[in-house]
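Structural description and commentary
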Amino acid sequence: MRYTNGRRLPYSLTIIAALAMAACGGSSNDDTDGGGDGGGGGSGASITLSGEVARLGTLKNVVVCLDLNGNDVCDSGEPASSATGADGKYSLSTTASQGAAARLIAPVKTGDPAAATTAIDSHNPAVAATDADYVLKRPAGSGGAINPLTTLAQAGVAAGMTEADARANVALQLAIGAAKIDNYQDDPAWDDAQVRDTARTAAAVVSGMLRQGIALEVGNQQAAAPASTILRQLNYSGSGDYYLRAHDRQARAAGTAEEQSVDARSGKSGGVDMTEDSLYGNAFLTPSGWKYCDRRVLLRSTLGNPNRAVYCDGQTTLGWDRANSVAGEAMATLVNRWQAMPSNTINAGISTTALTGKLGAAAFPAGAEEWIRTNVELAPSITITSVWSRRLPQSRNTLEAVIAYYPTSGAASPTGANTLNLALTSSALKNLRVSFAPTDATQGTATYYECDLNEAQTVVSNCAAIAAKGSYSIDTINGARVLRFAGQPPTPALNYHVAYAEIQWTAGDPSSRWVYRAHEVKPSLSARQSTTNRLNETAWAAMKVQLGL
């Protein structure tokens, strides 16, 4: 069972189970008049199973069959439909006994888009629906929708759940209505440029897992779970200079509606224990306003693969783990192997000499695994990565003061001093900056500049105005004031837009008010998707002992 950070669960399992029983959907029509072998309800009665095959949209060129021998292949002699049309509709005839005993499958095949056997998604009919073959499924007993979410429900059935329990747990696991398992085609259309928190997005995530051959798991959302720990990040230069971050899952009793975990961080610098302020320091804009994130703010998650998680009440993700055994592999070999991976989280960007020297020839024990975690951020989030280093001087502790401090009229010769930082443009050595020309109290014209940065990204030089003008506005989001920008040039080096946030941490105390540089995640899938490496409890416990931590 995979472990990830958390999500508050919005549904009662009992209610979801009841809804699931009503939402199985589809058609299972008895086409006999009761003759032959005991009447219309007999096991030999002829019935018709029909429904719709879908991924993002409906799927064309897919043959649906009853998988009588459970091998995930439509074999000769198994009841099968004709290939689906653009509407994804299928229909097949079988007997009542076969329909009750065998699951429906819909093999989704790749190939030339012009071929009659290549699955085509109505979302994008110009290309093949997939670049690797996989199989969509529906639990035995009824016709109806066949899609990634019914395939996840079938994974629960295959693991021993009743279909009702599997559907109830899938709904909780993904935080969707139970009826959406069968029908999400009324959700907003899929758009790579705009990720939305919908059942269709969940279906896209599951279909991605199927395409990559990653095992699906339906978690029992009411089951007891023991405490455990995974390694999230490690930087190690010596016993007196290191930083580590682990997710410590709390033990939970049966009937508890969510997993809760501590974002546990520790470290030393120059042999001195790092302070809480240096270990933490980020904040998220949550539905109830700004929240400072430290070890007291529990992470919340659902069980299963994929699962849904919330960090600091402000970042919601849906993600999955690919688990690989590392038992017997030398710890130093794993560290070096990870260095070539963009998802590396051990000594990323720093020397590994001291770390691998300390690990020596030690190898991971039985049960040790690496987890390659992929997350899709589901909703817009605004975060301050460090409230200690991202704040402006208190002489600029309101957004109006910031706008007044950087007037376009004062940036005829733009520099790093008379323009405001908006991070990077096309590379790590190009800096985007802005100045302001108000048109009223909360909005105005933004003039953008591109400047050079030195290798250390500490010195700004050679600033030049960008011809196209943009705009800015002071917006109120979840009760918080945020300065945002529009019409700025592309920033392909970043997965976020820079904003500035005004926060007064203590009511009635003006000295607790600051303006911070914040990051607002971009809406596209390419910006919202990320992958990180992790070690499971067995692997991390062994490495931790070897390092003496």
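The numbering scheme is per chain: residues are counted from 1 as the chain's sequence reads. For this predicted model, a pLDDT threshold of at least 70 governs which residues receive local features, and a threshold of 80 or more governs which side-chain atom pairs are given and counted, while totals over whole chains, interfaces and linings are taken from all residues. Remark: hydrogens and water are excluded; side-chain values derive from all non-hydrogen atoms of the structure.

With that out of the way, let us pick up the environment of Lys-137. Considering the arrangement of structural elements, one finds Lys-137 in strand β8 (residues 134-138). Look at Lys-137 and you get buried, because its relative accessible area is 16%. A sequence separation of 317 residues divides Lys-137 from Asn-454, and the C-alpha atoms of the two residues are 55 Å apart. It only takes one pair of heavy atoms within 4.5 Å for two residues to be counted as in contact. With residues near it in sequence (within four places) discarded, Lys-137 still touches Asp-72, Arg-103, Leu-104, Ile-105, Ile-146, Asn-147, Thr-150, Thr-151 and Gln-154. The helix count covers DSSP runs of H or I at least four residues long, the strand count covers runs of E at least two residues long, and both are numbered beginning at the N terminus. When a residue's accessible area, from a 1.4 Å probe over protein chains only, is under 20% of the maximum for its type it is buried; when over 50% it is exposed; and in between it is partly exposed.

Let's shift gears to the sheet that holds β8. Two modes of strand pairing occur in sheets, parallel and antiparallel, and in both the strands are linked by backbone hydrogen bonds. By this definition, two strands are paired if DSSP reports at least two bridges between them. The antiparallel open sheet is built from three strands, whose spatial order is β4-β6-β8. Unpaired on one side and paired on the other, β4 (65-66) and β8 mark the two borders of the sheet. Where β4 lies against strand β6 (residues 104-108), two bridges are found, and the strand directions are antiparallel. Opposite Cys-65, over in β6, you have Ile-105 as the bridge partner.

Here the focus is the pattern of salt bridges. Any carboxyl oxygen of Asp or Glu that lies within 4 Å of a side-chain nitrogen of Lys or Arg is treated as forming a salt bridge with it. For the structure on display, the rule yields 28 salt bridges. A salt bridge links Asp-67 to Arg-103; the nearest nitrogen and oxygen atoms lie 3.2 Å apart. Pair noted here: Asp-67 is in the loop between β4 and β5 (89-95) and Arg-103 is in the loop between α2 (96-101) and β6, with a separation of 36 residues, a long-range link. Judged by relative accessible area, Asp-67 falls into the buried class, the value being 3%.

Side chains of strand β14 (residues 283-286) alternate between two faces, with Ala-283 and Leu-285 and Phe-284 and Thr-286 buried alike. In this structure, β14 lies alongside strand β15 (residues 289-292), joined through four bridges in antiparallel fashion. Residue pairing for β15: Ala-283 is matched across the bridge by Tyr-292. Between β14 and β15, which follow one another and run antiparallel, lie two residues. As paired strands, β14 and strand β21 (residues 382-384) are joined by two bridges and run antiparallel to one another. Bridging across to β21, Ala-283 finds its partner in Ile-384.

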